[in-house]
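For reference, the chains in residue letters:
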Amino acid sequence: MTLKELKGKYARLSNEIDTLAIEGGRHEARLMRLMSDLDAVHRELCELRLRTFAAPTLRDSVTRPEPVAPPRPVMVPLSPAAPVAARSAPTLAQPLSMAG
């Protein structure tokens, strides 16, 4: 039975037991049978709960890929980088002549 069916049956049996209990002790045999049925439904609900808790979840079934290499730490330089304007242009070894 599904959980919904078991809950419905449990509620129906509980209501019937309450109705018979209000009427008094005239239907004692039927009351005992209904209580026995209610106990059976209660056992089925407990078994369903245990199966639900024991069932594997997606987290249990899926494995994560392990990294190939350990991650490298990020290195941040402590001194600021040289500004672009302060860089000098390369010097030539011999001056160029202007004669053509």
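A short note on the overall build of the protein
A tally of helices and strands in the protein yields 3 helices and 0 strands. Along the protein, helices (α) and strands (β) appear in the sequence α-α-α when read from the amino end. Of the accessible surface of the protein, which amounts to about 9,700 Å², a share of 62% is contributed by carbon and sulfur atoms.

Comments concerning the confidence of the model for the protein
With 77% of its residues at a pLDDT of 70 or more, the protein has an overall mean of 80. The least confident element of the protein is helix α3 (residues 58-61), whose mean pLDDT is 80; the most confident is helix α2 (residues 28-54), at 91.

Things to note about α2
Over its 27 residues, α2 runs 39 Å from end to end, which matches the ideal 39 Å to within 8%, given 1.5 Å per residue. Among all positions in α2, only Leu31, Leu34, Leu38, Val41, Leu45 and Leu48 are buried. Among the structural elements, α1 (3-23) are those in contact with the buried residues of α2.

Here we look at the pattern of salt bridges
Per the stated rule, a full pass over the model turns up 2 salt bridges. The shortest N-O distance in the salt bridge between Arg12 and Glu16 comes to 2.7 Å. Highlighted residues: Arg12 and Glu16, both in helix α1, separated by 4 residues, approximately one helical turn. Across the salt bridge formed by Glu16 and Arg30, the nearest N and O atoms sit 3.2 Å from each other.

Side note on the nonpolar core
Of all hydrophobic cores here, the largest spans 10 residues; its members are Leu6, Leu13, Ile17, Leu20, Leu31, Leu34, Leu38, Val41, Leu45 and Leu48. By residue number, the principal contributor to this core is α2, which donates 6 residues. If near-sequence neighbours (up to four positions away) are discounted, Val41 is found in contact with Leu6, Lys9, Tyr10 and Leu13.

Cut-offs and rules
- Residues numbered from 1 in each chain as written.
- Predicted model: local features only at pLDDT ≥ 70, side-chain atom pairs only at ≥ 80, totals over all residues.
- Heavy atoms only, no water.
- Helix = DSSP H or I, 4+ residues; strand = E, 2+ residues; numbered from the N terminus.
- Areas by Shrake-Rupley, 256 points an atom, 1.4 Å probe, with all protein chains shown as cover.
- pLDDT = per-residue confidence, 0-100.
- Expected span 1.5 Å × (residues − 1).
- Buried < 20%, exposed > 50% of the residue type's maximum accessible area, 1.4 Å probe, protein only.
- Contact = heavy atoms within 4.5 Å.
- Salt bridge = Lys/Arg side-chain N within 4 Å of Asp/Glu carboxyl O.
- Core = buried A, V, L, I, M, F, W, Y, C linked by side-chain atoms within 4.5 Å.

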